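Residue-level structure breakdown
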Amino acid sequence: MDEDDQDVYVAQLHEVFDSCDHSGKGFLNRSELVELCKKLQLDDQVPQLLQQLLGSEEAEGQVCKIKNFTRVHL
């Protein structure tokens, strides 16, 4: 993937991330992060992503910013 393709991909990822950010605060809570994973068809990776991004699959009260998600997902 060249740099232009990656820029387009990241921009699209931001759009989907923002659509799951129901509070509009720039981060996702656990349920919003699960929603994002489902929209991206990452259902089978939800447990691993929750562990990596929130520190626990069962984490409540933890949040994920877009930069953390893109770092793990890209």
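Bear in mind that the values here come from a model prediction, so they are computed numbers and not experimental data.

**Observations regarding a negative patch on the surface**
A cluster of like negative charges, contributed by Asp2, Glu3, Asp4, Asp5 and Asp7, occupies part of the molecular surface. Summarising the element assignment, Asp2 is placed in the segment before helix 1 (3–20). Note on Asp2: relative accessible area 44%, which makes it partly exposed.

**Description of the environment of Leu42**
The topology assignment puts Leu42 in the loop between helix 2 (30–39) and helix 3 (46–54). Classification of Leu42 by relative accessible area gives buried; the value is 8%. Here the alpha-carbon distance between Leu42 and Phe69, two residues 27 residues apart in the chain, equals 13 Å.

**Regarding the confidence of the model for the protein chain**
The predicted structure's coordinates, where accompanied by low pLDDT, should not be read in detail. Across the protein chain, the average pLDDT comes to 89, with 96% of residues at or above 70. Helix 4 (residues 66–73) is the least confidently modelled element of the protein chain, averaging 85 in pLDDT, while helix 2 averages 95, the highest of any element.

Scoring rules and cut-offs
Residues numbered from 1 in each chain as written. Predicted model: local features only at pLDDT ≥ 70, side-chain atom pairs only at ≥ 80, totals over all residues. Heavy atoms only, no water. Patch = residues over 30% accessible without salt bridge, like charges linked within 9 Å, V, L, I, M, F, W, Y side chains within 5 Å. Areas by Shrake-Rupley, 256 points an atom, 1.4 Å probe, with all protein chains shown as cover. Salt bridge = Lys/Arg side-chain N within 4 Å of Asp/Glu carboxyl O. Lys, Arg positive; Asp, Glu negative; His and termini not counted. Charge placed at Lys NZ, Arg CZ, Asp CG, Glu CD. Helix = DSSP H or I, 4+ residues; strand = E, 2+ residues; numbered from the N terminus. Buried < 20%, exposed > 50% of the residue type's maximum accessible area, 1.4 Å probe, protein only. pLDDT = per-residue confidence, 0-100.

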